[in-house]
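A closer look at the structure
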Amino acid sequence: MDMTSHMASHFDDAIDTLKASSRELAEPLSVAVDMLFGALANNAKILACGNGGSAADAQHFIAELVGRFERDRLPLAGIALNTDTSILTAVGNDYGFDAVFERQVNALGQPGDILVAISTSGNSPNVIKAIEAAHDREMSVIALTGKGGGGIAGLLQETDIHLCVPHDRTMRIQEVHIVLLHALCDGIDALLLGDTL
Ligand SMILES: O=C(CO)[C@@H](O)[C@H](O)[C@H](O)[C@H](O)COP(=O)(O)O
Ligand SMILES: [Zn+2]
């Protein structure tokens, strides 16, 4: 194997995936910005969850809401559901790992809040159960998926937004997910502060 060209192929595939995602997802992404901004302006909050690399993405996104993105602004209300090891171990131990996000949505979610659900396969049971709990609590869902959206695709309602990356490899999907999440932060800041840096 020519390792240099193998490495270069990652950049080529990532570029192609980003371009395809831009064509398919820029419009629903703009709707997601409006949905997030509207919720935050109404004193609602954002919950986010995912597993593995998507857990890192969920907490990265929430850190940029509660802290800041590129510019100073007021703190925005968000909670990552994959960060509290006491909750994760207690709920996982007592109710099963499939319940670790669902239980927190039921504890914290209020009508008008938004769940940002991240799963590259669309099939993680704990993320699926979190979406079902969000619907029960009259919350809208912004789902970031790939691979056609898996089980999540069939669960989403008209008031939800599905950002499904057109690729079948987890790593490529995750790479686009972080672009989507940063674009959401930038869009919220543009609505709050104006669109110039
Ligand atoms: O980051 C990676 C692979 O790039 C892994 O940690 C990956 O996130 C984990 O296998 C997750 O459990 C996959 O879950 P999901 O994206 O299918 O919901
Ligand atoms: Zn990864």
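Residues numbered from 1 in each chain as written. Chains lettered and ligands numbered in written order. Predicted model: local features only at pLDDT ≥ 70, side-chain atom pairs only at ≥ 80, totals over all residues.

Let us look at the overall build of the protein. Along the protein, the regular secondary structure elements total 7 helices and 5 strands. For the protein, the sequential pattern of α-helices and β-strands runs α-β-α-β-α-α-β-α-β-α-β-α. For 197 residues, the compact-globule formula gives about 16 Å, and the C-alpha radius of gyration of the protein, at 17 Å, lands near that figure. Expressed along its principal axes, the backbone C-alpha trace of the protein runs to roughly 50 × 45 × 30 Å. Per-residue burial over the protein gives 41% buried out of 197 residues. Considering only residue pairs separated by 6 or more positions, the protein has 70% of its internal contacts joining residues 24 or more positions apart. (Helix = DSSP H or I, 4+ residues; strand = E, 2+ residues; numbered from the N terminus. Rg over C-alpha atoms; globule rule 2.2 N^0.38 Å. Buried ≥ 20, exposed ≤ 12 C-beta atoms within 10 Å, placed from the backbone. Contact = placed C-beta atoms within 7 Å.)

This next bit is on the confidence of the model for the protein. When pLDDT is averaged along the protein, the result is 98, and 99% of the positions lie at 70 or above. Overall fold confidence (pTM) sits at 0.98, and the ipTM for the predicted complex is 0.99. (pLDDT = per-residue confidence, 0-100.)

So, on to the nonpolar core. The nonpolar side chains of soluble globular proteins are, as a tendency, buried together. Counting residues in hydrophobic clusters, the biggest one holds 50 residues, and the most contacted among them are Ala 48, Cys 49, Leu 115, Val 116, Ala 117 and Ala 130. The element best represented in this core is helix 7 (residues 170-193), accounting for 7 residues. Apart from residues lying up to four places away in sequence, Leu 115 is in contact with Leu 47, Val 105, Ala 130, Ile 131, Ala 134, Met 139 and Val 141. (Core = buried A, V, L, I, M, F, W, Y, C linked by C-beta atoms within 7 Å.)

Close to ligand 1 lie 13 residues; Gly 52, Gly 53, Ser 119, Thr 120 and Ser 121 are nearest. Sorting the residues of the shell around ligand 1 by element identifies helix 2 (53-66) and helix 7 as the ones contributing at least two each. For the shell around ligand 1, the element with the highest residue contribution is helix 7, accounting for 3 residues. Its residues placed into classes, the shell around ligand 1 shows 2 nonpolar, 11 polar and no charged. (Near = placed C-beta within 6 Å. Nonpolar A, V, L, I, M, F, W, Y, C, P; charged D, E, K, R; others polar.)

A word on the sheet that holds strand 1 (residues 46-49). If you trace the 5 strands from one edge of the open sheet to the other, you get 2-1-3-4-5, paired in parallel fashion. Each edge of the sheet is formed by a strand with only one pairing partner; in this case those strands are strand 2 (78-80) and strand 5 (161-165). Averaged over all pairs of adjacent strands, the angle between strand axes in this sheet comes to 15°, irrespective of strand direction. Note: strand 1 against strand 3 (residues 114-118), 4 bridges, orientation parallel. Within the sheet, the bridge partner assigned to Ile 46 lies in strand 3 and is Ile 114. Each of strand 1, strand 3, strand 4 (140-146) and strand 5 touches helix 1 (residues 3-41); the most contacted strand, strand 5, lies at about 155° to it. Docked against the sheet, helix 5 (residues 125-136) engages strand 1, strand 3 and strand 4, running at close to 165° with respect to strand 3. (Pairing = 2+ DSSP bridges. Axes fitted to C-alpha atoms, helices over the stretch in contact; angles between N-to-C directions.)

What follows concerns unusual backbone geometry. Phi is positive for Asn 43, close to 65°, though the residue is something other than glycine. Asn 43 gets classed as exposed once you count the C-beta atoms within 10 Å, which come to 9. Its identity as a non-glycine residue notwithstanding, Lys 147 has a phi of 50°, on the positive side. Checked against the element boundaries, Lys 147 lands in the loop between strand 4 and helix 6 (150-155).

Taken across its 5 residues, strand 3 has 5 buried, putting it largely inside the fold. Residue alternation in strand 3 divides its side chains into two sets, Ile 114, Val 116 and Ile 118 and Leu 115 and Ala 117, and both sets are buried. Here 5 bridges tie strand 3 to strand 4, and the two strands are oriented parallel to one another. Counterpart to Ala 117 in the pairing with strand 4 is Ala 143. You can see the chain leave strand 3, run along helix 5 and come back into strand 4, and the turn it takes is right-handed. (Right-handed = clockwise from strand over helix to strand, strands pointing away.)

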